[in-house]
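Architecture at a glance
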Amino acid sequence: MLAVRRVTQDNQGKKTAGIDGIKNLSPMQRFNLVNLLSSRHLKASPTRRVYIPKPGKDEKRPLGIPTMYDRALQALVKLGMEPEWEARFEPNSYGFRPGRSTHDAIQAIFDSIKHKPKYVLDADISKCFDRINHDALLRKIGKSPYRRLINQWLKSGVFDNNQFLESVEGTPQGGVISPKKRKHSPTRYGRMLK
């Protein structure tokens, strides 16, 4: 129920439809979505590609908009996986992390270099998420119970101008589990090196 609430009521993208055209769910439709998620009907659909302007530039960047069902299912998987991964992830990583901000990264850098000079890695890899290797990502996940479903999302393809394109690499940006800029998220601060 929490996953459905997050994507259909709390999320800014609740008025954006995937390839199925469904958006702005009524209370009864939200309840039906909860039942559908409970039914073990776990099948990923292709995403719908839309282009949004890049801030301060003339070019546009592609977003993959999943169906409302896939968004709710992704939120459910995120609720299940995030606590485990957060507990064992690198302590000095600040990009795309819940409960961490740019200020946390700056404070960690300050605390680390105030007594002894050290290196700080500031990385911005061009088109990083467009080129992620699916097999390498799935190996990182290991034997997660969500592995099959995550593989489906990676391989589900995309509809761009009513043309279906297969997904052979990369992760679509725009879904619940995709990396995105959060308010106060330090996307440019990487891992500090000792």
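Structure shown above.
To keep things clear, this report deals only with the structure shown in the data block.

The rules we used
Sequence positions are assigned chain by chain, starting from 1 and proceeding in written order. For this predicted model, a pLDDT threshold of at least 70 governs which residues receive local features, and a threshold of 80 or more governs which side-chain atom pairs are given and counted, while totals over whole chains, interfaces and linings are taken from all residues. Note that the side-chain values use all heavy atoms of the structure and ignore hydrogens as well as water. Numbering of helices and strands runs from the N terminus, with a helix taken as a DSSP run of H or I at least four residues long and a strand as a DSSP run of E at least two residues long. Only protein chains enter the calculation, and the probe is 1.4 Å; a residue is then buried if its accessible area is under 20% of its type maximum, exposed if over 50%, and partly exposed in between. Throughout, nonpolar core names a set of buried Ala, Val, Leu, Ile, Met, Phe, Trp, Tyr and Cys residues whose side chains join them through atoms within 4.5 Å. Any pair of residues with heavy atoms lying within 4.5 Å of one another is described as a contacting pair. For patch building, the residue pool is restricted to those with more than 30% relative accessible area and no salt bridge; the joining distance is 9 Å between like charges and 5 Å between nonpolar side chains (Val, Leu, Ile, Met, Phe, Trp, Tyr). The Shrake-Rupley method, run with a 1.4 Å probe sphere, supplies the accessible areas, and residue values consider only the shown protein chains as cover. Put simply, a salt bridge is a Lys or Arg side-chain nitrogen that is within 4 Å of an Asp or Glu carboxyl oxygen. Polar contact criterion, stated in full: a pair of N or O atoms within 3.5 Å, where within protein one must be able to donate a hydrogen and the other to accept it, and residues adjacent in sequence count only if both atoms are side-chain atoms. Only rings of Phe, Tyr and Trp enter the pairing, Trp through its six-membered ring, and a pair is recorded when the two centres are within 6.5 Å. The plane angle decides the type: under 30 degrees is stacked, over 60 is edge-to-face, the rest tilted. In this scheme, the term charge over a ring applies when either NZ of a lysine or CZ of an arginine sits within 6 Å of the ring centre and within 35 degrees of the ring normal. Expected span, for any helix, means 1.5 Å times one less than how many residues it has. The arc in question is traced by the directions running from the helix axis to the C-beta atoms.

1. Looking at the overall build of the protein
Each helix and strand in the protein was counted, giving 6 helices and 6 strands. Along the protein, helices (α) and strands (β) appear in the sequence α-α-β-β-α-α-β-α-α-β-β-β when read from the amino end. Taking the principal axes of its C-alpha atoms as reference, the protein extends roughly 60 × 40 × 30 Å. Expressed as a percentage of its 194 residues, the buried residues of the protein come to 32%.

2. Here we look at the nonpolar core
Core analysis: the biggest nonpolar cluster contains 22 residues, and Leu33, Ile150 and Trp153 have the highest contact counts within it. Considering each element in turn, this core owes the most residues, 7 residues, to helix α3 (residues 68-88). In contact with Leu33, not counting residues within four places along its chain, are Val4, Thr8, Leu25, Met68, Tyr69 and Ala72.

3. Remarks on a nonpolar patch on the surface
A grouping of Met1, Met28 and Phe31 is seen on the molecular surface, where their side chains present a nonpolar patch of about 380 Å² in accessible area. Checked against the element boundaries, Met28 lands in helix α2 (residues 27-38). For Met28, a relative accessible area of 53% gives the class exposed.

4. Thoughts on the pattern of salt bridges
Applying the stated criterion across every chain yields a total of 7 salt bridges. A salt bridge links Arg5 to Asp10; its shortest N-O distance comes to 3.7 Å. Overall, the relative accessible area of 44% leaves Arg5 in the partly exposed class. As a salt-bridge pair, Arg97 and Glu86 come within 2.9 Å of each other at their nearest N and O atoms. A residue pair is termed long-range when its members are at least 10 positions apart, and Arg97 in the loop between α3 and α4 (102-113) and Glu86 in helix α3 qualify at 11 residues. Residue classification places Arg97 among the buried residues on the basis of a relative accessible area of 4%. What makes Glu86 partly exposed here is its relative accessible area of 26%.

5. Some thoughts on the side chain of Arg30
Its place among the elements puts Arg30 in helix α2. Of the polar contacts made by the side chain of Arg30, one reaches the backbone oxygen of Leu25; its length is 2.9 Å. Once residues lying within four places of it in the same chain are set aside, the contact partners of Arg30 are Val4, Thr8, Gln9 and Leu25.

6. Considering the packing of aromatic side chains
For the structure shown, the criterion picks out 1 aromatic pair. In this structure, Arg100 packs its charged tip against the face of Tyr94, placed 5.1 Å from the ring centre.

7. Re α2
Here α2 spans 17 Å end to end across 12 residues, near enough to the 16 Å set by a 1.5 Å rise per residue. Those residues of α2 that sit buried are Arg30, Leu33, Val34 and Leu37. In an axial view of α2, the angular spread of the buried residues amounts to 100 degrees, which keeps them on one side of the axis. Turned more than 90 degrees off the buried face of α2, the exposed positions are Met28 and Ser38. Each element contacted by the buried residues of α2 is listed here: α1 (2-10) and α3. Trailing α2 by a residue or two, Arg40 shows a phi angle of about 65 degrees, which is positive.

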